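Examining the three-dimensional arrangement
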Amino acid sequence: MTQNASMIAHALTALLLASFISPPPAEWQWPVSHEPAVVRDFEAPESQWGPGHRGLDLRAPAGTAVIAPVSGSVHFSGDVVDRGVVTIRTSSGQLVSMVPVVMDVEVGSRVRAGHHIGRVAAGHCPGGCLHVGLRVEGAYRSPARELGILRRARLLPFPHSASATPEHHSPRV
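Quick summary incoming for the structure in this document. (Residues numbered from 1 in each chain as written. Predicted model: local features only at pLDDT ≥ 70, side-chain atom pairs only at ≥ 80, totals over all residues. Heavy atoms only, no water.)

**Description of the environment of Trp30**
Within the element layout of this structure, Trp30 appears in the loop between α1 (3-21) and β1 (38-40). The residues touching Trp30, leaving out its near neighbours within four places in the chain, are Pro36, Ala37, Leu58, Ile67, Leu147 and Ile149. (Helix = DSSP H or I, 4+ residues; strand = E, 2+ residues; numbered from the N terminus. Contact = heavy atoms within 4.5 Å.)

Shown next as structure tokens:
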């Protein structure tokens, strides 16, 4: 291994170790006044209209206070099918949606991160939860990073190809 390759390997190892030690700093306020716990994780859909879980479900019994995780303006506040939904548009254009919520805010209202905007309603998860979704430039993605939730990398084995010879395998770090 060359000296450059060795230095890169050591730097990557140090970076991986640092990511295991300290969680990312939260950019948002925790949106419920309850002990932080994720009961269902984000599952990206394979296509725009395909099945998936486009957000995080945070443990929160019905009646729990809902707190604006970010500052912005209320883009939507109303019922979708049979559940209350509130969506906040941030200054950068991100859309942060929460459901099921009994809202205390109206469309066009300005909200500040950390301020009370409603209460968790019953009906989304057994035992109660608040679903938090994030859309960036129209695409859903997990709000875990913004909430300061640490995601650990999971290393998978290198896929073996029948046509590959041993000298063509990538080194494992």
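**Description of unusual backbone geometry**
Of note, the bond from Val99 into Pro100 is cis; its omega dihedral lies within 30 degrees of zero at -10°. With respect to the helices and strands, the residue Pro100 is situated in the loop between β6 (95-99) and β7 (101-103). For Val81, which is not glycine, the phi dihedral falls at a positive 60°. Relative to the assigned elements, Val81 resides in the loop between β4 (72-80) and β5 (83-89). Located in the positive-phi region is Glu137, a residue other than glycine, with phi close to 50°.

**Some points on the state of the cysteines**
For the coordinates displayed, the defined rule picks out 1 disulfide. Two residues share a disulfide in this structure: Cys125 and Cys129, whose sulfurs sit 1.9 Å from each other. Torsion about the S-S bond of the Cys125 and Cys129 cystine: about 65°, corresponding to right-handed handedness. Residues Cys125 and Cys129 agree in their burial class; the two are buried. (Disulfide = S-S within 2.5 Å. Buried < 20%, exposed > 50% of the residue type's maximum accessible area, 1.4 Å probe, protein only.)

**Regarding the layout of surface pockets**
In this model, the largest pocket occupies a volume close to 400 Å³. Those elements giving two or more residues to the lining of the largest pocket turn out to be β5, β6 and β10 (129-136). Of the residues assigned to the lining of the largest pocket, the class counts are 6 nonpolar, 6 polar and 4 charged. (1 Å grid on protein atoms, 1.4 Å probe; cavity = no way out; pocket = protein on both sides within 12 Å on 5 of 7 lines; lining within 4 Å. Points joined across faces, edges and corners; volume = space filled by probe spheres on them. Nonpolar A, V, L, I, M, F, W, Y, C, P; charged D, E, K, R; others polar.)

**Overview of the pattern of salt bridges**
Per the counting criterion, the structure on display carries 4 salt bridges. Between Arg145 and Glu27 there is a salt bridge; the shortest N-O distance is 3.9 Å. With Arg145 in the segment after β11 (139-141) and Glu27 in the loop between α1 and β1, this pair connects stretches of sequence that are 118 residues apart. Residue Arg145 pairs with Glu146 through a salt bridge whose shortest N-O separation is 3.1 Å. Judged by its relative accessible area of 45%, Arg145 falls in the partly exposed class. Owing to a relative accessible area of 1%, Glu146 belongs among the buried residues under this scheme. Each member of the salt-bridge network shares a partner with another, and the members are Glu27, Arg141, Arg145 and Glu146. (Salt bridge = Lys/Arg side-chain N within 4 Å of Asp/Glu carboxyl O.)

**A look at the nonpolar core**
Counting 26 residues, the largest nonpolar core has Met98, Ile117 and Leu130 as its most contacted members. Of all elements in the fold, only β2 (56-59), β5, β6, β9 (116-120) and β10 reach the threshold of two or more residues within this core. Ranked by residues supplied to this core, first place goes to β10 with 3 residues. If we skip the residues at most four places from it in the chain, Met98 touches Pro31, Val66, Ile67, Pro69, Gly84, Val85, Val86, Ile88, Ile117, Leu130, His131 and Val132. (Core = buried A, V, L, I, M, F, W, Y, C linked by side-chain atoms within 4.5 Å.)

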